[in-house]
There are 4 protein chains.
Amino acid sequence: MMIIIMKSDVRMTEISAVIVRIEDAGFRVHLSEGEERTIIGVIGSGAPIDRDQIERMSGVERCVTVLKPFKLANREFKPSDTTFPIKDYEIGGSEIIIMAGPCSVESREQIIETAIACKEAGAHILRGGAFKPRSSPYSFQGLGKEGLDYLAEAREVTGMPVVTEVMEPSLVPLVSQYADILQIGARNMQNYALLHAVGKSQHPVLLKRGMSNTMEEWLMSAEYILNHGNTRVMLCERGIRTFERYTRNTFDINAIPVMKQMSHLPIIADPSHATGKWEYVSAAAKGAIAAGADGLIIEVHPRPEEALSDGVQSLKPEKFEKLVEQLKLVAEAVGRTIRNPS
Amino acid sequence: MMIIIMKSDVRMTEISAVIVRIEDAGFRVHLSEGEERTIIGVIGSGAPIDRDQIERMSGVERCVTVLKPFKLANREFKPSDTTFPIKDYEIGGSEIIIMAGPCSVESREQIIETAIACKEAGAHILRGGAFKPRSSPYSFQGLGKEGLDYLAEAREVTGMPVVTEVMEPSLVPLVSQYADILQIGARNMQNYALLHAVGKSQHPVLLKRGMSNTMEEWLMSAEYILNHGNTRVMLCERGIRTFERYTRNTFDINAIPVMKQMSHLPIIADPSHATGKWEYVSAAAKGAIAAGADGLIIEVHPRPEEALSDGVQSLKPEKFEKLVEQLKLVAEAVGRTIRNPS
Amino acid sequence: MMIIIMKSDVRMTEISAVIVRIEDAGFRVHLSEGEERTIIGVIGSGAPIDRDQIERMSGVERCVTVLKPFKLANREFKPSDTTFPIKDYEIGGSEIIIMAGPCSVESREQIIETAIACKEAGAHILRGGAFKPRSSPYSFQGLGKEGLDYLAEAREVTGMPVVTEVMEPSLVPLVSQYADILQIGARNMQNYALLHAVGKSQHPVLLKRGMSNTMEEWLMSAEYILNHGNTRVMLCERGIRTFERYTRNTFDINAIPVMKQMSHLPIIADPSHATGKWEYVSAAAKGAIAAGADGLIIEVHPRPEEALSDGVQSLKPEKFEKLVEQLKLVAEAVGRTIRNPS
Amino acid sequence: MMIIIMKSDVRMTEISAVIVRIEDAGFRVHLSEGEERTIIGVIGSGAPIDRDQIERMSGVERCVTVLKPFKLANREFKPSDTTFPIKDYEIGGSEIIIMAGPCSVESREQIIETAIACKEAGAHILRGGAFKPRSSPYSFQGLGKEGLDYLAEAREVTGMPVVTEVMEPSLVPLVSQYADILQIGARNMQNYALLHAVGKSQHPVLLKRGMSNTMEEWLMSAEYILNHGNTRVMLCERGIRTFERYTRNTFDINAIPVMKQMSHLPIIADPSHATGKWEYVSAAAKGAIAAGADGLIIEVHPRPEEALSDGVQSLKPEKFEKLVEQLKLVAEAVGRTIRNPS
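Residues numbered from 1 in each chain as written. Chains lettered and ligands numbered in written order. Predicted model: local features only at pLDDT ≥ 70, side-chain atom pairs only at ≥ 80, totals over all residues. Heavy atoms only, no water.

Engineer: Please clarify how the overall build of chain A should be interpreted in this entry.
Structural biologist: For chain A, the helix and strand inventory stands at 11 helices and 14 strands. Expressed as a percentage of the 342 residues in chain A, the buried residues total 66%. Counting only carbon and sulfur atoms, one obtains 49% of the accessible surface of chain A, whose full area is about 11,100 Å². Within chain A, the 44 negative side-chain charges are centred at a point lying 1 Å from the centre of the 39 positive side-chain charges. (Helix = DSSP H or I, 4+ residues; strand = E, 2+ residues; numbered from the N terminus. Buried < 20%, exposed > 50% of the residue type's maximum accessible area, 1.4 Å probe, protein only. Areas by Shrake-Rupley, 256 points an atom, 1.4 Å probe, with all protein chains shown as cover. Lys, Arg positive; Asp, Glu negative; His and termini not counted. Charge placed at Lys NZ, Arg CZ, Asp CG, Glu CD.)

The following block contains the structure:
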């Protein structure tokens with residue numbers, strides 16, 4: 001369903017050409033001739049027509065699509081919230097889920113120590129990167145397979161499910177063996193080969209928003225995963241890139257109510273990346289819960305000044321523990337709960 | 001205090017020239033010759049040196065300024081929070097202040113009816129535009145002086161203090177007679193003649209952030225006002241312009257903790273402009289309070305579908321009343337209160 | 001003329017309410033009921049309807065406006081290029097106009113020396129700021145009235161017309177006595193009181209694009225001036241604010257062909273602000289001419305390392321002279337000319 | 001080499017801790033105690049220190065890195081321009097290279113017809129996508145392997161070398177068999193697994209800038225490829241994402257002189273994506289050459305209104321031919337040439 005606005009100086013032959021094209025595709029046409037513009041409405045159903053193609057036809061000023069381009073992620077087609085369990089926890093329900101852990105898995109001791117501290121502080125799910133996307137080829141790139149092994153050990157010790165990033169299609173089977181949730185990082189939000197691979201895996205996915213992707217593009221990327229029948233997808237708002245320089249990213253908190261309205265998928269906020277400085281993480285985390293987020297993913301490191309990545313935005317376990325206490329109050333204020341980890 | 005990084009192929013004569021310039025201005029120099037770069041530290045005090053001028057000198061790669069360019073707004077120089085009374089309310093204290101009302105004053109009846117409804121719902125201060133900045137010369141530009149008269153009447157009826165926008169220096173005296181708080185709109189954040197005028201007026205000011213101004217520029221604009229000895233300045237975050245199109249602006253909630261850290265001035269959030277759609281206003285308002293805002297300014301209109309401006313982002317009084325109830329819970333969760341209007 | 005897209009679950013009463021509203025305003029309605037959406041076309045003429053108001057009506061999903069909101073600046077309504085003379089030069093014609101001079105007028109000697117050098121190098125019009133908008137209240141704010149006097153003297157000596165910025169409505173009469181062209185700076189693009197004032201002045205205007213204003217908003221600001229019957233308006237692209245940090249602004253060169261298509265007004269490029277570094281000015285200037293700009297405004301300073309503002313982006317006269325020689329070749333390559341100053 | 005700025009209220013023990021950390025890594029320290037701030041300079045060489053780690057240490061306000069983070073791409077380390085041959089053409093030399101062809105390979109006939117037309121019009125290299133990254137899973141995704149076969153045929157018929165996109169690491173060997181140049185698309189600029197794969201392949205690479213990546217990040221991505229000893233890398237500016245909506249992207253023409261200054265790698269401009277509308281492609285293409293680009297990549301389609309992707313931004317062969325004629329004049333004006341295809 002589409003509306004085609006013709007140019008002010010359009011000729012009858014141009015209008016006819018558009019109509020023929022549309023009817024050929026199986027649609028019906030609704031012609032509306034105003035004083036200033038002729039408008040062609042496309043109705044019914046037919047073979048897919050590309051908006052682009054129509055906009056290139058002679059005499060056409062622009063096309064307006066009436067429907068959103070995403071279907072499976074669209075709340076119009078599935079009005080009820082999507083929920084699913086991860087271990088004992090329900091994602092997308094009335095309880096708020098807290099994921100916490102270091103940016104990178106740095107050693108066996110570090111991840112186990114941090115996991116224990118996070119769980120004691122109230123976190124439900126353990127985060128930690130084994131494969132790390134880094135702007136520089138000279139930076140620490142993660143421990144890889146070794147990091148996955150340590151994560152598995154930390155899971156065994158604490159009972160916490162694990163979320164970790166997968167960066168390439170060929171590693172999806174391996175990472176899926178270790179991770180309870182596969183994370184798609186911001187830089188890979190439009191890495192379609194990877195989206196297909198995690199879609200096929202049927203594993204739960206945390207899909208981070210690209211740093212300059214629109215909410216519509218974000219839902220289109222979710223669509224790639226959903227299209228494989230993999231419905232266990234969480235959206236994760238982690239800040240967008242703007243002109244502002246005092247913070248690493250700009251936390252687009254508007255995305256929380258917008259996604260809740262547009263889509264049925266759960267939405268998680270990442271206040272660590274969204275601010276980029278530990279001093280601001282608590283404020284952003286509380287804001288996210290008050291605005292309706294279904295969960296948080298927060299960087300915690302026992303000694304941030306020694307972290308091999310993202311130390312500047314990591315909370316120490318004591319600060320994190322205090323934050324969880326405050327989050328419980330905020331959650332309650334908006335009719336939700338944060339239960340103690342099991 | 002400044003650090004000057006010289007180019008890798010710098011010559012001794014270029015280094016000398018920079019040193020002479022700096023010492024001429026009365027500063028001392030600290031020379032540090034590394035293998036890869038020579039660095040010149042500027043220490044002590046002297047006549048102001050423009051970073052730009054130094055960066056244009058031969059052999060200079062770049063200059064780094066060590067201190068923030070704002071002084072009066074800087075928390076380093078005034079560690080305690082700035083608070084001041086507006087009528088019976090204290091701005092910047094432990095109580096959260098709610099300003100509400102229509103985008104534009106449209107008629108005597110409209111503004112009085114809305115003021116009464118807002119107060120009943122829990123608002124402390126009445127907002128309403130008499131002079132309206134509009135992108136189009138063909139849009140409703142506000143009732144002007146007549147609007148101010150209606151605002152005065154609404155204030156008399158309800159006892160609510162009034163915040164309203166002033167758009168040009170020559171109108172500051174007039175608007176000051178009617179308004180308890182002068183609003184500087186986003187488009188005028190760098191209208192320096194206007195900043196000087198409201199600075200001189202010694203009237204309380206609500207300074208909105210420009211839609212694409214950095215937090216640093218915002219504080220520099222506050223500095224223009226503070227520099228006149230007018231210390232009753234509130235900062236107002238109202239959303240910034242980004243690539244995202246589902247919302248009118250992107251609410252930069254990070255600005256709340258950042259401003260609290262950088263500055264001693266109170267910070268108010270405007271969830272109506274920050275989202276641009278009434279459906280998202282509640283989420284953004286709750287997020288702002290949870291993140292530490294000192295107050296809110298919210299658009300309320302009894303019949304938004306008839307509003308002459310910004311109806312899409314205005315709440316109906318009933319929705320607003322419900323929101324205030326929820327805000328009280330969120331405020332409490334973060335250790336603050338919203339008291340009933342007096 | 002407008003298209004209203006109703007929600008998927010719209011009720012008949014909601015559709016009726018919209019129709020009544022539109023017909024009340026004097027328009028006719030064209031109803032198109034598809035399987036998925038009902039669409040209401042608004043045809044004919046009537047009292048202005050605000051898109052916002054309709055979007056707030058129950059059952060409405062969104063409105064699409066068919067016509068551009070600017071009229072006087074729109075090429076559809078005035079197909080031929082706007083041209084007008086400034087002294088012996090024609091703006092907007094086949095000849096390319098070069099404006100050059102220092103960011104700020106700093107002294108009598110400086111502006112006269114620079115004006116002579118610029119003219120010798122091939123510039124037609126002299127630029128120089130007497131009133132300077134500065135982010136910091138502690139920076140040099142320009143010589144004010146004294147600067148205007150020096151500009152007048154430089155004009156007398158060289159015969160060059162003068163373009164200089166006016167920053168507040170009350171100074172328009174004064175600045176108009178001295179300036180051949182009134183410049184509206186980027187920060188004031190939406191300072192409507194100022195736009196009205198320069199509109200009324202009937203003086204030629206150089207309207208800079210705001211650093212984060214869309215091209216549509218820019219043309220709407222031009223509309224404010226044109227609406228006073230002042231048709232001698234030049235648009236000036238001076239770079240927009242983006243996330244990129246290696247340059248001060250991002251030169252939106254696309255604006256040149258877009259403005260040429262959308263509007264009949266002349267377009268000038270400001271490569272000095274658009275790049276923010278003198279090293280890149282030549283490339284941007286040549287690019288602008290090749291892309292179809294009608295003129296350039298370039299910062300030139302005899303001793304940039306001593307400039308009181310924007311030294312980093314100023315060319316020395318010798319570099320500027322070389323640039324003009326290169327620009328002549330580029331102009332010729334695209335069928336235009338740069339004549340020697342008279 | 002790094003400069004560490006300590007907080008105003010720093011304690012001696014905090015300063016000592018930073019010094020110990022730095023000396024432990026093998027560096028020397030240069031202490032500079034000013035009235036307002038203590039500054040620690042890091043000199044000499046040692047084990048890599050993460051800026052992040054230092055910024056998390058107690059008492060540290062911020063760190064400034066003195067050197068650019070890219071090395072192999074840095075002109076400081078390789079002053080002369082990188083040039084390399086593709087068939088008979090030299091990339092990065094005095095001759096400007098034009099790549100042209102359809103967005104997608106749609107059929108055997110279409111690509112051969114277009115290739116012939118492009119070559120006749122003056123193009124040197126054939127572009128055409130076999131694997132297409134598309135925002136929507138419901139859009140045409142390219143012909144895949146079949147498309148590569150058609151490209152090979154078109155190459156055989158015309159003698160034109162081929163540039164085509166590769167989207168996943170596992171396909172690099174296959175695509176390398178067909179392509180003379182591997183294109184990394186904007187969405188994959190930070191797909192590090194893919195960058196490693198094309199680096200290892202030792203095949204020439206066209207590296208598109210991500211739509212919201214800084215120039216520094218872009219060079220860091222080039223660094224990933226160069227680090228494998230693959231030095232045949234071209235940078236491709238294709239527009240960045242901003243708030244502007246009249247064009248699909250904002251062509252960051254500043255990137256051309258900046259990259260020429262910062263790096264020795266050739267830079268290609270893509271005016272089709274940078275504008276997103278065929279009407280603006282000619283202006284942007286001419287601007288790019290005038291600003292110093294080493295080549296262009298332009299979308300050409302014999303029947304844009306039938307194109308399966310990006311028809312709106314494709315030129316028809318006749319328009320393209322006219323453009324090449326104009327480009328030759330612009331190239332000459334800036335001292336370069338566009339030779340006829342061989």
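Engineer: Got a minute to help me understand the pairing of strand β1 (residues 2-6) of chain A in this structure?
Structural biologist: The two faces of a sheet get side chains in turn, since along a regular strand they alternate between them. Residues and elements named next belong to chain A. Most of β1 is tucked away: five of the five residues are buried. Alternating positions in β1 separate into two faces, Met2, Ile4 and Met6 on one and Ile3 and Ile5 on the other, with burial throughout. By the bridge criterion, five bridges tie β1 to strand β4 (residues 60-65) in an arrangement that is antiparallel. Among the inter-strand pairings, Ile5 is bridged to a residue of β4, identified as Arg62. Sheet topology note: the β1/strand β3 (residues 38-43) ladder contains four bridges and is antiparallel. Within β3, the residue paired with Ile5 across the bridge is Ile39. (Pairing = 2+ DSSP bridges.)

Engineer: Honestly, the interface of chain D and chain A in this entry has me stumped. Any pointers?
Structural biologist: Listed by partner, the interface residues are 48 residues for chain D and 48 residues for chain A. Three residues, Arg56, Tyr138 and Glu305 of chain D, lead the burial of chain D against chain A; their summed loss comes to 19% of the area buried on that side. Where chain D touches chain A, the interface holds two salt bridges. Between Arg241 of chain D and Glu217 of chain A there is a salt bridge, with its nearest N and O atoms 2.6 Å apart. Across the contact surface, chain D and chain A share 32 residue pairs in polar contact (both at pLDDT 80 or more). Taken together, the elements giving at least two residues each to the side of chain D that touches chain A come down to α2 (51-55), α6 (192-201) and α7 (215-226) of chain D. The element best represented in the side of chain D that touches chain A is α7 of chain D, accounting for four residues. (Contact = heavy atoms within 4.5 Å. Buried area = accessible area lost by both parts, 1.4 Å probe. Salt bridge = Lys/Arg side-chain N within 4 Å of Asp/Glu carboxyl O. Polar contact = N/O pair within 3.5 Å; in protein donor to acceptor, adjacent residues only side chain to side chain.)

Engineer: Before we go on, may I ask you to explain the packing of helix α3 (residues 108-121) of chain A against helix α4 (residues 145-158) of chain A in this structure?
Structural biologist: Axis angle and axis distance: for two packed helices, these are the angle between their axes and the distance between the axes, and together they describe the pair. All names here are of chain A. Two numbers describe how α3 lies on α4: the axes approach to 9 Å, and their chain directions differ by 35 degrees. Where α3 crosses over α4, the two elements pack in a sense that is right-handed. Contact with α3, carried on its side by Arg108, Ile111, Ile112, Ala115, Ile116 and Lys119, involves Tyr150, Leu151, Glu153, Ala154, Val157 and Thr158 of α4 and no other residues of that element. A class-by-class count of the residues in the contact of α3 with α4 yields eight nonpolar, one polar and three charged. (Axes fitted to C-alpha atoms, helices over the stretch in contact; angles between N-to-C directions. Left-handed = near helix turned anticlockwise from the far one by under 90°. Nonpolar A, V, L, I, M, F, W, Y, C, P; charged D, E, K, R; others polar.)

Engineer: Explanation requested: the packing of aromatic side chains in the structure shown.
Structural biologist: Given two aromatic rings, their pairing is described by the distance between the two centres and the angle made by the two planes. In total, this model carries four aromatic pairs over all chains according to the counting rule given. Their ring planes at 25 degrees and their centres at 4.6 Å tell us that Tyr192 of chain B and Tyr224 of chain B sit as a pair that is stacked. You can see Tyr192 of chain B sitting in helix α6 (residues 192-201) and its partner Tyr224 of chain B sitting in helix α7 (residues 215-226), a full 32 residues away along the chain. The buried category is assigned to Tyr192 of chain B, whose relative accessible area is 2%. The side chain of Lys71 of chain B reaches across the aromatic face of Tyr138 of chain C, ending 4.5 Å from its centre. (Phe/Tyr/Trp six-rings, centres within 6.5 Å; stacked < 30°, edge-to-face > 60°. Lys NZ or Arg CZ within 6 Å of the ring centre and 35° of its normal.)

Engineer: It is not clear to me how the sheet that holds strand β4 (residues 60-65) of chain B should be interpreted in this structure. Could you clarify?
Structural biologist: As a general point, the strands of a sheet are linked pairwise by backbone hydrogen bonds and lie either parallel or antiparallel. All names here are of chain B. What the four strands build is an open sheet, ordered β2-β3-β1-β4; its pairing is antiparallel. With one partner strand each, in any of the chains shown, β2 (28-33) and β4 form the two edges of the open sheet. Sheet twist, expressed as the mean angle between neighbouring strand axes with direction ignored, is 20 degrees.

Engineer: What am I meant to see in the sheet that holds strand β9 (residues 162-165) of chain D here?
Structural biologist: All names here are of chain D. Pairing in this closed barrel of eight strands is parallel, and the strands run β7-β8-β9-β10-β11-β12-β13-β14 around the ring. When the angles between neighbouring strand axes are averaged without regard to direction, this sheet yields 25 degrees. Bridge analysis of strand β7 (residues 97-101) against strand β8 (residues 125-127) gives two bridges, and the strand direction is parallel. Paired with Ala100 across the two strands is Leu126, which belongs to β8. Here α7 sits on the sheet and contacts β11 (205-208), β12 (233-237) and β13 (267-269); the angle it forms with β12, its principal contact strand, is near 155 degrees. Across the sheet, helix α8 (residues 255-262) is in contact with β12 and β13; its angle to β13 comes to roughly 170 degrees.

Engineer: Could you clarify how one ought to interpret the interface of chain B and chain D in this entry?
Structural biologist: The accessible area lost on association of the parts is a frequent measure of interface size. Facing 29 residues of chain B, the contacting portion of chain D comprises 29 residues. Taken together, the two surfaces of chain B and chain D that pack against each other cover about 2,400 Å², and 55% of this comes from carbon and sulfur. Applying the counting rule to chain B against chain D returns two salt bridges. A salt bridge links Glu76 of chain D to Arg37 of chain B; the nearest nitrogen and oxygen atoms lie 2.8 Å apart. Put simply, chain B and chain D have five residue pairs in polar contact (both at pLDDT 80 or more) between them. Elements supplying a minimum of two residues to the side of chain B that touches chain D: β1 (2-6), β2, β3 (38-43) and β4 of chain B.

Engineer: Can you help me understand the relation of the copies chain D and chain A in this one?
Structural biologist: The pair of chain copies shares a relation made of a rotation about an axis and a shift along it. Mapping chain D onto chain A calls for a rotation angle of 180 degrees and an axial translation of 0.0 Å; the resulting RMSD is 0.0 Å. Both chain copies can therefore be described as sitting about a two-fold axis. Distance from the rotation axis, computed per C-alpha, reaches its smallest value in chain D at Ser212 of chain D: 3.1 Å. Counting the interface residues of chain D, we find that 100% of their copies in chain A are interface residues as well, pointing to one common contact surface. (Least-squares fit on C-alpha atoms with pLDDT ≥ 70 in both.)

Engineer: What is the right way to look at the packing of helix α7 (residues 215-226) of chain C against helix α8 (residues 255-262) of chain C in this model?
Structural biologist: Residues and elements named next belong to chain C. Viewed as axis vectors pointing N to C, α7 and α8 meet at an angle of 50 degrees, and their least axial separation amounts to 11 Å. In terms of axis orientation, α7 runs oblique to α8. With respect to the hand of their crossing, α7 and α8 are arranged in right-handed fashion. From α7, Met215, Trp218 and Leu219 reach across to α8, where they touch Ala255, Val258, Met259 and Met262. The residue makeup of the contact of α7 with α8, split by class, is seven nonpolar, no polar and no charged. (Parallel < 35°, antiparallel > 145°, perpendicular 65-115°, else oblique.)

Engineer: What is the right way to look at the relation of the copies chain B and chain D in this model?
Structural biologist: Note on the identical chains: chain B maps onto chain D by a rotation of 180 degrees and an axial translation of 0.0 Å, with an RMSD of 0.0 Å. A shared binding surface is used by both copies, with 100% of the interface residues of chain B retained as interface residues in chain D.

Engineer: What exactly am I supposed to notice about the state of the cysteines here?
Structural biologist: Here a disulfide denotes one covalent bond, and it connects the sulfur atoms of two cysteines. Per the counting criterion, the structure on display carries zero disulfides over all chains. No disulfide involves Cys118 of chain A; its sulfur sits 13 Å from that of Cys103 of chain A, the nearest cysteine. (Disulfide = S-S within 2.5 Å.)

Engineer: In this structure, what is going on with the pattern of salt bridges? I would like to understand it.
Structural biologist: Oppositely charged side chains can pair when the atoms bearing their charge come close. A complete count under the given rule lists 88 salt bridges over all chains for this structure. Taking the shortest distance from any N to any O, the salt bridge between Lys87 of chain D and Asp88 of chain D comes out at 3.8 Å. Here the residues in one salt-bridge network are Arg209, Glu237 and Asp252 of chain A together with Glu244 of chain B, joined through shared partners.

Engineer: Help me out: how do you make sense of helix α8 (residues 255-262) of chain B in this one?
Structural biologist: α8 of chain B sits mainly inside the fold: six of its eight residues count as buried. Taken together, the buried positions of α8 of chain B are occupied by Ala255, Ile256, Pro257, Val258, Met259 and Met262 of chain B.

Engineer: How should unusual backbone geometry be read in this particular structure?
Structural biologist: The bulk of non-glycine residues show a negative phi, and the bulk of peptide bonds are trans. Residues and elements named next belong to chain B. Of note, Lys87 is a non-glycine position whose phi angle comes to about 55 degrees, a positive value. Within the element layout of this structure, Lys87 appears in the loop between β5 (84-86) and β6 (89-91). Located in the positive-phi region is Asp310, a residue other than glycine, with phi close to 55 degrees.

Engineer: Any chance you could explain the side chain of Glu299 of chain A here in plain terms?
Structural biologist: Among the secondary structure elements, Glu299 of chain A is positioned in strand β14 (residues 295-299). With residues up to four places along the chain from it excluded, the contact list for Glu299 of chain A reads Gly101, Cys103, Arg127, Ser272, His273, Asp310, Gln313, Ser314 and Leu315 of chain A.

Engineer: I keep staring at the environment of Ala285 of chain B and nothing clicks. Help me out?
Structural biologist: All names here are of chain B. Its location among the elements puts Ala285 in helix α10 (residues 278-290). What makes Ala285 buried here is its relative accessible area of 0%. It is 7.5 Å that separates the C-alpha atoms of Ala285 and Ala269, two residues lying 16 residues apart in sequence. Excluding its chain neighbours within four sequence positions, the residues that come into contact with Ala285 are Pro271, Leu296, Ile298, Leu323 and Leu327.

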